[in-house]
Structure formats: structure tokens, C-alpha cells
Amino acid sequence: MRFGVTVKYYIKTFGCQMNVYDSKRIADMLQNMGYQSVDAPADADLILFNTCHIREKAAEKLFSDLGRMEIIKNERKERGLETIIGVAGCVVQAENEQIATRAPYVNFATGPLTYHRIPEILARIARQKDICVIDTDFPAESKFDFLPENKSVGGCSYLAIQEGCNNFCTYCIVPYTRGVETSRPVDDILQEAKNLVATNTLEINLLGQNVNSYHGEGSDGKEKNLAYLLNKLSEIEGLKRIRYTTSYPADMSDELIACHKNLKKLMPYLHLPLQSGSDKILKAMNRRHTSGQYLEIVEKLKDANPEIGLSSDFIVGFPGETDEDFNATMEMVKKVNYIQAFSFKYSRRAGTPAAVYEHQVEEKIKQQRLKILQDDLFSRQLNFNKECVGKIMPVLFESKGKKTGEIFGRTPYMQTLVAKGGADDINKIKNVIITFGGMNALAGTIKEEA
Ligand code: 5AD
Ligand code: SF4
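Residues numbered from 1 in each chain as written. Chains lettered and ligands numbered in written order. Predicted model: local features only at pLDDT ≥ 70, side-chain atom pairs only at ≥ 80, totals over all residues. Heavy atoms only, no water.

Right, let's talk about the site of ligand 2 for a bit. The environment of ligand 2 is formed by Cys165, Asn167, Phe168, Cys169, Tyr171, Cys172, Val174, Pro175, Tyr248 and Arg287. Tallied by class, residues from the shell around ligand 2 come to 8 nonpolar, 1 polar and 1 charged. (Near = heavy atom within 4 Å. Nonpolar A, V, L, I, M, F, W, Y, C, P; charged D, E, K, R; others polar.)

Shown next as C-alpha cells:
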């Protein structure tokens, strides 16, 4: 990199909220090093892709995207500009051997647990040009101890409290890319939360692949659970809203469910993936719950807070899924009446047990089932959004809208809401009367500060 010139970086993020959080922490680190963010890769001295491997043909997509970055790197070279290309995230962890051979113009690759070492890696590259540094060993140290302070970017911030997963669902790559489950200590999390609130965060969304199995160390040296942490976070003055995601049904303890009754700051919305309504498929997926147990948890949650809205993830076409199994999923959707949900066709992840199961389902059938499921889920979502019309909801406004004079915010149920408003309304929670409920967004009129 050129001496005395501000280094510009570009980060593109794929995948889940954890990746969005990781990219932000990487950006904080680069910002601390004096680097400046740019919106176009052609303007960047450092191009970084933060990748996701959970579904789809992630590796193929990455290599084609990287091919485009190679062209940019060559064009910049003709202009006398050097470009460092880096890849981070779960694809690196799963496919690290391929990167150096298939994309030799990549300068470094780092897994999701080692990105705190990027400054060190950049220094190595500066000293020893044309090397490709691949850093994917699961580290002994926690990256969180090495990252700079997590700064607020607005009213709503993510905070990772737990990482990795020990559940080994037979379709899922996460336990292999993010490693075993680890929880951050309570005091570190409370400190990060206080820093965020001191810099204008009103809402914190606690993140973890399996967030409700959180078991971090408390200040007394004893293990604490998520319910304890939520109670502690609730005490932070100035923090108005708390969420947590993603939860594993078997880890929804009664103590945690009680938080939905007792903690007013906890939003009445929970993402609780069911994956399938068939007990046979749940077993083949190695999920530690049946559909009946899931319904019991839902009942308890609704008892704790009758206003609660649930969301889920579903996989259709898991190996061995028959029409009957699929109908059991549709039945569960009806019983729970989700207000929102994500649904996917099963896709084989090399190295996971289900990838080599017999009775893989034909693509055409997966497609048909996905359509039936999504039509049903979308109509429930639309119904819920329409039922909101006429209600008053506290909305956290986050950004300007597409049209001038419009702003975007989030309701307690994570619905996107658009209203008339200006810069003064952003990063504030306002009571809004809902005037319209569409499939993907609500519209409303601001009444007053909540
Ligand atoms: N195929 C399809 N969907 C998957 N998911 C995870 N792995 C796979 C896979 N191999 C889905 C699950 C999970 C969500 C994040 O992604 O539904 O909850
Ligand atoms: Fe993957 Fe299952 Fe762990 Fe979720 S609980 S991250 S689906 S292995």
C-alpha cells in the first residue's frame, strides 16, 4: 500500500446477521487502522468478501464473483494501483484448499474465528508481496478479546454473545465452519452493550448460531444462562429494546420463556426454527425436538406473552421427505400461524451426513413443495400485516426512505415501516398509527415520541 495515502477498503457481505456483525467488526478494525470505506470495489485498495456457506452453490458463486475482482485488480494495476483481495467467512473455512489454486490473485483468506488477525496478515503481505496467506485454524484465543470497541452505527445494533454450534443437524455446515459452541463472558457483553447505548443504540439484537444455549461465565466465575443475561441487560438505562436470535427449540427453558412475560424491553417476536413438521424428518435431521414438543413451547410462549409473534426456518425436500411428511409441515404452519418465515429447498453440503443419505428428493418436487409452503407463509404474513392497520406501534426509525421525506423503521415485530419524516426522526422510537399493511412493509403516521 502507498505510504502517506489513505487506504480505501470495500467489504461485501453475504449471508446471515452474524456475517453482517462480523463485517462491521472487521470494518471497525480497518477504520481504527486509518482505512476509509468506499462503495465501489474499483475504488478500493483492499477488497474483502465475507462469505456464507449455509445454502446454495456458495463456492461456485464466490469464484465467479472473485473472477470479476481479478479484472478490477488488473485494471487498477494498469493505472499503477495495487489491490489486495481478501476472503473471509464460512466458505473459506470449508473450501480453503481450493482458494489458493482456483484464485491465485487472492492475497489472503481467513475463517470466521480468525478475522481479528487481518491487521497482522496485511502487515505480512506488505512485507512479502505476492504471498497468499490462508489462516483458518480454529484459534485458541477468542477474537472478541482482540477486536476494537463495537461502535453504534445507529439506533439498532447487533451484539454477538455466542458462536458455533454443537447440535450437528445433519444438513448443516455451521458446526464445521464456526466450530464448537462458545459463549462470551457476561461482563464483556454488558460492557459492549453499555458502550453501544452510550453511543446512541436504543435496540440490541443478541446474536448467536444457537443463542439460547448461551452459557457464559458470570463475574462470580459461575456459568450464567441467557435468561440471566437478558435480566442484566434490561437493567441498562437508555436501552429500550432487546431481541435475541437464533434460538434452538430444545433450549427454550421455562426461565427463558418467563423473560417474555417479565421483561418489558424484550420484543414480542421470536425466531424459532422448526425446519420440518414431521417427527420422522426431524429425527433424520438430528433435531432434539418433536413437533409436539415444539407446540408445547409455543403454547408456553403465548401464555407468557399473548402478543408474541413467531417466525421460523423451514427446509423442504430433505432426503426421505414424503408427501405425508410435507403435509405435516403444512399442518404445523397452520397451528402456529407464523407471522413471518424463511423457507428453503434442501441443498447438499459436502461433509454433512445428509449429503450422502439415500432417497434424495427430486428437484421438481422440492420446487413444488417450496411454492405451496411459501404461498401459505406469505398469505399469513400479509394477513398479519393487514391486521396491524389501525393499531399504534412504537417504531424505531433507522434510515431515510427511498423517496424524499420518507423514513424507514422497524416495528416490535421486525416489520419494515415507512412513514413521512425527516432526519430528526431517525434513531428515535416514535408511536406510529398503522395506516397500511402490505406483504413486505407497513405504512404509518407518526403520532409522537414513544
Ligand atoms: N439446505 C437448505 N437449507 C439449509 N439451512 C441450513 N442448512 C441448509 C441446507 N443444507 C437453513 C436452515 C437454517 C437456515 C439458517 O438455513 O433452515 O435454519
Ligand atoms: Fe445448524 Fe442445527 Fe446448529 Fe442451527 S442448530 S446452526 S441448523 S447445526
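Attention shifts here to the site of ligand 1. All residues adjacent to ligand 1 are Ile54, Arg55, Tyr171, Gln275, Asp313, Ile315, Phe344, Lys345, Tyr346, Ser347 and Arg349. Contact between ligand 1 and Tyr171: a nitrogen atom at 3.0 Å from a main-chain N or O atom of the residue. Contacts to ligand 1 include Gln275, whose side-chain N or O atom sits 2.7 Å from an oxygen atom. In the complex, the protein chains occlude 88% of the 400 Å² of accessible area that ligand 1 would expose alone. Listed by contribution, the elements that provide at least two residues to the shell around ligand 1 are β13 (309-316) and β14 (340-345). In terms of residue class, the shell around ligand 1 is built from 5 nonpolar, 2 polar and 4 charged. (Polar contact = N/O pair within 3.5 Å; in protein donor to acceptor, adjacent residues only side chain to side chain. Areas by Shrake-Rupley, 256 points an atom, 1.4 Å probe, with all protein chains shown as cover. Helix = DSSP H or I, 4+ residues; strand = E, 2+ residues; numbered from the N terminus.)

So, on to the environment of Thr404. Tracing the backbone through its elements, the reader meets Thr404 in the loop between β15 (392-400) and β16 (406-410). Among the residues examined, Thr404 registers a relative accessible area of 84% and is labelled exposed. Distance from Thr404 to Val5, taken between C-alpha atoms, is 36 Å for residues 399 residues apart in sequence. (Buried < 20%, exposed > 50% of the residue type's maximum accessible area, 1.4 Å probe, protein only.)

A few words now on the pairing of strand β18 (residues 429-437). Looking at chain direction, β15 and β18 are connected through 5 bridges and run antiparallel. Each bridged residue has a counterpart across the sheet, and for Leu396 the counterpart in β18 is Ile429. Relative to strand β19 (residues 441-449), β18 runs antiparallel, the two being bridged by 7 bridges. Bridge assignment links Val432 to a residue of β19, and that residue is Ile446. Hairpin connection, β18 to β19: the antiparallel pair is bridged by 3 residues. (Pairing = 2+ DSSP bridges.)

This brings us to the environment of Ile433. In this structure, Ile433 sits in strand β18. Separated by 269 residues in the primary sequence, Ile433 and Gly164 place their C-alpha atoms 40 Å from one another. In this structure Ile433 touches Gly390, Lys391, Ile392, Ala443, Gly444, Thr445 and Lys447, once residues within four positions along its chain are discounted. (Contact = heavy atoms within 4.5 Å.)

Next up on the list: the packing of helix α2 (residues 58-78) against helix α3 (residues 90-102). Interhelical geometry of α2 versus α3 gives an angle of 45 degrees and a closest axis separation of 11 Å. With respect to their mutual orientation, α2 and α3 come out oblique. Note that α2 runs across α3; the crossing there is right-handed. Each of Ala58, Ala59, Glu60, Leu62 and Phe63 in α2 lies in contact with α3, whose residues at this interface are Val91, Glu95, Gln98, Ile99 and Arg102. Across the contact of α2 with α3, the residue classes break down as 6 nonpolar, 1 polar and 3 charged. (Axes fitted to C-alpha atoms, helices over the stretch in contact; angles between N-to-C directions. Parallel < 35°, antiparallel > 145°, perpendicular 65-115°, else oblique. Left-handed = near helix turned anticlockwise from the far one by under 90°.)

Right, let's talk about the domain arrangement of the chain for a bit. We note that the domain assignment places domain 1 (8-135), domain 2 (149-267), domain 3 (270-387) and domain 4 (392-446) within the chain. A straight line from the C-alpha centre of domain 3 to that of domain 4 covers 30 Å. Carbon and sulfur atoms supply 57% of the area buried between domain 3 and domain 4, which totals about 690 Å² over both sides. Of all residues in domain 3, Leu382, Phe384 and Asn385 give up the largest surface area on contact with domain 4, accounting jointly for 56% of the area buried on that side. Here domain 3 and domain 4 share 0 salt bridges between them. Where domain 3 meets domain 4, there are 5 residue pairs in polar contact (both at pLDDT 80 or more). (Domains from an automatic or database assignment. Buried area = accessible area lost by both parts, 1.4 Å probe. Salt bridge = Lys/Arg side-chain N within 4 Å of Asp/Glu carboxyl O.)

Further remarks concern the nonpolar core. Within the largest apolar cluster, 49 residues are counted, with the highest numbers of intra-cluster contacts made by Leu206, Leu229, Leu230 and Tyr244. When residues in this core are grouped by element, the largest group, 6 residues, is from helix α6 (residues 186-198). For Tyr244, the residues in contact, after removing those within four places along its chain, are Asn205, Leu206, Val211, Leu226, Leu230, Met252, Leu256, His260, Leu266 and Leu270. If you look at the next biggest cluster of nonpolar residues, it comprises 25 residues, including Val7, Leu30, Ile84 and Ala88. (Core = buried A, V, L, I, M, F, W, Y, C linked by side-chain atoms within 4.5 Å.)

Turning our attention to the packing of aromatic side chains. Evaluation of the coordinates by the stated rule reveals 7 aromatic pairs. Centre to centre, the rings of Phe14 and Phe49 are 5.9 Å apart; their planes meet at 70 degrees, and the pair counts as edge-to-face. Here Phe49 lies in strand β3 (residues 46-51) and Phe14 lies in the loop between β1 (8-13) and α1 (17-32), a separation of 35 residues in the sequence. Exposure remark for Phe14: the relative accessible area of 18% places this residue in the buried category. Under the relative-accessibility criterion, Phe49 is labelled buried at 2%. (Phe/Tyr/Trp six-rings, centres within 6.5 Å; stacked < 30°, edge-to-face > 60°.)

Here we have 3 strands laid out as an open sheet, ordered β12-β13-β14, and parallel in their pairing. Since the sheet does not close on itself, it has two edges, and those belong to β12 (269-271) and β14, each with one partner. The average undirected angle you get between the axes of adjacent strands in this sheet is 10 degrees. Relative to β14, β13 runs parallel, the two sharing 6 bridges. The partner of Ser312 across the bridge, within β14, is Ala341.

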